[in-house]
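# Chain and residue survey
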Amino acid sequence: MKINQFQKVKLLSLSLLMGLMIVSCKSDDPEPVNPEELITTINVTFTNTNDANDVVSGTFKDLDGDGGNAPTITHPTLRANAIYTVSIQFLNEQENPAENVTTEIQGEDEEHQIFYVSSGGLNLTYAYTDQDGDGNPLGLAGTAATGAASTGNLVVSLVHEPVKTATGVAEGNPTNAGGETEAEVTFNVTIQ
């Protein structure tokens, strides 16, 4: 069967019309975007469960954000063989008054997890005491148990959209968590 010039134009026009109809059916509504919050300050507070006067903070401040001036970090010194309750706060101090980003993390708890990883010989173990709405760990509250005197690093990481059911993640190991690290600080901790 031979197709004449008129039939070719007709088929091409029909194809073009179908293509336009498909494109016009797409939604013009933009996808909702959850922008990453600016975090300039991280405060980790350790409160000794046997001595309410023994309250120690580790603080990270980078008020001009990435680049520019170096951050200031206050490194904590903890007592040996003690149990501390741990709380953490995330702030954006470029806002006035400072924006408490912790509130957003609480509201989106299934999409966040905070990891506390000891290394370099630091005798400190962290355990979660809070959970998200699905019963998985969150990390805004926990306990830290110190052992014998030591020094080392405590890496604190806020991860957005981790795979909380992946191997080791519920126990605080970020290796298989995936997701995106929104904030991270390494504290040089002394236990004495």
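Residues numbered from 1 in each chain as written. Predicted model: local features only at pLDDT ≥ 70, side-chain atom pairs only at ≥ 80, totals over all residues. Heavy atoms only, no water.

### Points about the overall build of the protein
- Of the regular secondary structure elements, the protein holds two helices and eleven strands.
- Among the 192 residues that make up the protein, the fraction classed as buried is 36%.
- Only carbon and sulfur atoms are counted for the fraction: they give 52% of the accessible area of the protein, which is about 11,300 Å². (Helix = DSSP H or I, 4+ residues; strand = E, 2+ residues; numbered from the N terminus. Buried < 20%, exposed > 50% of the residue type's maximum accessible area, 1.4 Å probe, protein only. Areas by Shrake-Rupley, 256 points an atom, 1.4 Å probe, with all protein chains shown as cover.)

### Remarks on the pairing of strand E11 (residues 180-191)
- In terms of strand pairing, strand E4 (residues 77-78) meets E11 through two bridges, oriented parallel. Paired with Leu 78 across the strands is Ile 191, a residue of E11.
- As paired strands, strand E10 (residues 150-160) and E11 are joined by eleven bridges and run antiparallel to one another. For Leu 154, the partnering residue across the bridge sits in E11 and is Phe 187. (Pairing = 2+ DSSP bridges.)

### Considering the nonpolar core
- Counting residues in each nonpolar core, the largest one holds 36 residues, and the members touching the most others are Ile 42, Phe 46, Ile 88 and Phe 90.
- For this core, the elements supplying multiple residues, two or more each, are strand E1 (41-48), strand E2 (55-61), strand E5 (83-92), helix H2 (101-107), strand E7 (112-119), strand E8 (124-128), E10 and E11.
- In this view, Phe 46 contacts Asp 54, Val 55, Val 56, Pro 76, Leu 78, Tyr 84, Thr 85, Val 86, Ala 144 and Leu 154; residues no more than four positions away in its chain are not counted. (Core = buried A, V, L, I, M, F, W, Y, C linked by side-chain atoms within 4.5 Å. Contact = heavy atoms within 4.5 Å.)

### Remarks on the packing of aromatic side chains
- Evaluated as defined, the whole model comprises three aromatic pairs.
- Seen from their ring centres, Phe 46 and Tyr 84 are 6.3 Å apart, and the 90° between their planes marks the pair as edge-to-face. In this pair, Phe 46 is assigned in strand E1 and Tyr 84 in strand E5, connecting sequence segments 38 residues apart. Each member of the pair, Phe 46 together with Tyr 84, is buried. (Phe/Tyr/Trp six-rings, centres within 6.5 Å; stacked < 30°, edge-to-face > 60°.)

### Brief notes about the confidence of the model for the protein
- Across the protein, pLDDT averages 88, with 81% of residues at or above 70.
- pLDDT under 50 marks residues 30-34. Its contacts with residues more than four places away, or in other chains, come to four contacts. (pLDDT = per-residue confidence, 0-100.)

### Comments concerning the environment of Ala 144
- Inspection of the secondary structure assignment puts Ala 144 in strand E9 (residues 141-146).
- Overall, the relative accessible area of 1% leaves Ala 144 in the buried class.
- Sequence separation between Ala 144 and Tyr 84 is 60 residues, and the spatial gap between their C-alpha atoms is 5.1 Å.
- Each residue touching Ala 144, except ones within four places of it in the same chain, is listed here: Phe 46, Ala 82, Ile 83, Tyr 84, Val 86, Leu 124, Thr 125 and Tyr 126.

### Section: unusual backbone geometry
- Put simply, Asn 96 and Pro 97 share a cis peptide bond, and its omega is 0°.
- Within the fold, Pro 97 resides in the loop between E5 and strand E6 (99-100).
- Positioned with a positive phi, Asn 81 is a non-glycine residue whose angle comes to about 55°.
- Mapped onto the elements, Asn 81 comes out in the loop between E4 and E5.
- Looking at Asn 81, the relative accessible area reads 62%, which means it is exposed.
- Despite not being glycine, Glu 161 has its phi angle at roughly 55°, a positive value.
- Relative to the helices and strands, Glu 161 is located in the loop between E10 and E11.

### Examining the pattern of salt bridges
- Overall, the coordinates contain four salt bridges when judged by the stated rule.
- The shortest N-O distance in the salt bridge between Glu 93 and Lys 61 comes to 2.9 Å. Highlighted residues: Glu 93 in the loop between E5 and E6 and Lys 61 in strand E2, separated in sequence by 32 residues.
- We classify Glu 93 as partly exposed; its relative accessible area is 30%.
- Given a relative accessible area of 31%, Lys 61 falls into the partly exposed group.
- One continuous salt-bridge network, built from bridges that share partners, spans Asp 51, Asp 54 and Arg 79. (Salt bridge = Lys/Arg side-chain N within 4 Å of Asp/Glu carboxyl O.)

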